[in-house]
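Structural overview
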Amino acid sequence: FMAASDMPRLHTALNQGLDAGLTISEAKEVLVQLYAYVGFPKSLNALGELLKVVEARRQRGIQDAPGREPSRAIPTGGDLAAVGKANQTKISGAPVKNAVTDSPVINQFLQAHLFGDIFERDNLDWPSRELATVGALAATPGVEAQLRPHMRASPRVGLTAAQLRQLAQVLAERGDADAATRGREALGAAAEDR
């Protein structure tokens, strides 16, 4: 719902997540991470919505678990680039080399920032990060070229095909048939690629 800028449905989903035991920190971390996939404005709007949800719950006497911040410092400089490249390679299954990543600046941003700064934050595990990413990409028309490799990468971080099928089912149940279709098609294509 963040990817679609659907604040009323995001509001409901955030409440449901917190009711199910998602911590405030985990919810924040998902919304922060997804800026890299769907944009800063959507992330900022979603974080604002989370603050509203948490405050409304607090006023109703609901004390949600705060969760935790990352337990370790994030590397900087050359160390950050190295850890980001290692994370990217682990998630992708091999060093990433293609015409798009041949652009030194985009590859630097991907490795140092996305796979370094973000994926090194250990207050949300990689399966949760990847599941959120796949859901957001499925909900975003026109990014199938990014959705497909994330579907292929999902098992490398611990997600099963059954969990990914369930994600598509949840998207369909929540009223986003197009997102569910994109997710199912990407999952099928990823299975064929293996």
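Look up: the structure comes first, before these words.
Since the model is a prediction, treat every value here as computed from it, not as a measurement. (Residues numbered from 1 in each chain as written. Predicted model: local features only at pLDDT ≥ 70, side-chain atom pairs only at ≥ 80, totals over all residues. Heavy atoms only, no water.)

1. Regarding the overall build of the chain
Note the cut-off: Every helix listed is a DSSP run of H or I at least four residues long, and every strand listed is a run of E at least two residues long, numbered separately from the N terminus. We take the radius of gyration over the C-alpha atoms and set the globule estimate at 2.2 Å times the residue count to the 0.38 power. Note on exposure labels: buried denotes an accessible area under 20% of the residue type's maximum, exposed denotes more than 50%, and partly exposed covers the range between, all computed with a 1.4 Å probe on protein chains only. Residues are treated as being in contact if the distance between any of their heavy atoms lies within 4.5 Å. Asp and Glu count as negative and Lys and Arg as positive, but His and the ends of the chain are not part of the count. A single reference atom marks each charge: NZ on Lys, CZ on Arg, CG on Asp, CD on Glu.
Across its full length, the chain carries 10 helices and zero strands. In sequence order, the secondary structure elements of the chain are arranged as α-α-α-α-α-α-α-α-α-α. Against the 2.2 N^0.38 benchmark of 16 Å for 194 residues, the chain shows a C-alpha radius of gyration of 17 Å, consistent with a compact globule. Taking all 194 residues of the chain together, 41% fall into the buried category. Pairs at least 24 apart in sequence give 75% of the contacts found in the chain among residues at least 6 apart. Of note, the chain has its 22 positive side-chain charges centred 1 Å away from the centre of its 22 negative side-chain charges.

2. Some details on the packing of aromatic side chains
Which entries qualify depends on this criterion: Stacked, tilted and edge-to-face pairs are distinguished by plane angle, under 30 degrees for stacked and over 60 for edge-to-face with tilted covering the rest, among Phe, Tyr and Trp rings (Trp via its six-membered ring) whose centres lie within 6.5 Å.
Scanning the model with the defined rule gives three aromatic pairs in all. Ring centres 4.0 Å apart and planes at 20° place the aromatic pair Y35 and F40 in the stacked group. Through a chain of ring-to-ring contacts, three or more aromatic side chains come together here, namely F115, F119 and W126.

3. Here we look at the packing of helix α9 (residues 161-173) against helix α10 (residues 177-193)
Going by this rule: Axis definition: a line fitted to C-alpha atoms, over the contacting stretch in the case of helices. Angles run 0 to 180 degrees between N-to-C directions. Between 65 and 115 degrees an angle is taken as roughly perpendicular, under 35 as roughly parallel, over 145 as roughly antiparallel, and anywhere else as oblique. The hand of a helix crossing depends on one turn: near helix anticlockwise from the far one by less than a right angle means left-handed, and clockwise means right-handed. Classes in brief: Ala, Val, Leu, Ile, Met, Phe, Trp, Tyr, Cys and Pro nonpolar; Asp, Glu, Lys and Arg charged; the others, Gly included, polar.
The contact between α9 and α10 brings their axes to 7 Å, and the two run at 160°. As judged from the angle between their axes, α9 and α10 are roughly antiparallel. Crossing handedness for the pair α9 and α10: left-handed. Residues A161, L164, R165, A168, Q169, L171 and A172 of α9 form the contact with α10, whose own contacting residues are A179, A180, R184 and L187. Split by residue class, the contact of α9 with α10 holds eight nonpolar, one polar and two charged.

4. Overview of a nonpolar patch on the surface
Selection criterion: The residues that make up patches have over 30% relative accessible area and no salt bridge, and they are joined within 9 Å when like-charged or within 5 Å when they are Val, Leu, Ile, Met, Phe, Trp or Tyr. Surface accessibility follows the Shrake-Rupley procedure with a 1.4 Å probe radius. Residue values consider only the protein chains on display as shielding. Criterion for a salt bridge: a side-chain nitrogen of Lys or Arg within 4 Å of a carboxyl oxygen of Asp or Glu.
A surface patch of nonpolar side chains, about 360 Å² in accessible area, is lined by V100, V105, I106 and F109. Inspection of the secondary structure puts V105 in helix α6 (residues 104-118). Looking at V105, the relative accessible area reads 43%, which means it is partly exposed.

5. Brief notes about α9
Selection criterion: Working rule for helices: expected span equals 1.5 Å times residues minus one. The directions considered for the arc are those from the helix axis to the C-beta atoms.
A rise of 1.5 Å per residue sets the reference length of α9, with its 13 residues, at 18 Å; its end C-alpha atoms lie 18 Å apart and thus fit the reference within 8%. Listed as buried for α9 are L164, L167, A168 and L171. When α9 is viewed along its axis, its buried side chains cluster within an angular range of 95° and face the same direction. Residues of α9 that are exposed and point over 90 degrees away from its buried face: R165, Q166 and E173. Downstream of α9 by one or two residues, G175 has phi in the positive range, about 95°.

6. Quick word on the nonpolar core
Our working rule: Think of a nonpolar core as a cluster: buried Ala, Val, Leu, Ile, Met, Phe, Trp, Tyr and Cys residues, connected wherever their side-chain atoms sit within 4.5 Å.
Formed by 43 residues in total, the largest nonpolar core has its most connected members in F119 and M151. If near-sequence neighbours (up to four positions away) are discounted, F119 is found in contact with Q33, Y37, N87, I91, L114, W126, R129 and E130.

7. Some remarks on the side chain of S25
Tracing the chain through its elements places S25 in helix α2 (residues 24-33). Of the residues examined, S25 reaches a relative accessible area of 4% and is grouped as buried. Among all residues touching S25, those that are not within four sequence positions of it are P66, G67, R68, E69 and N123.

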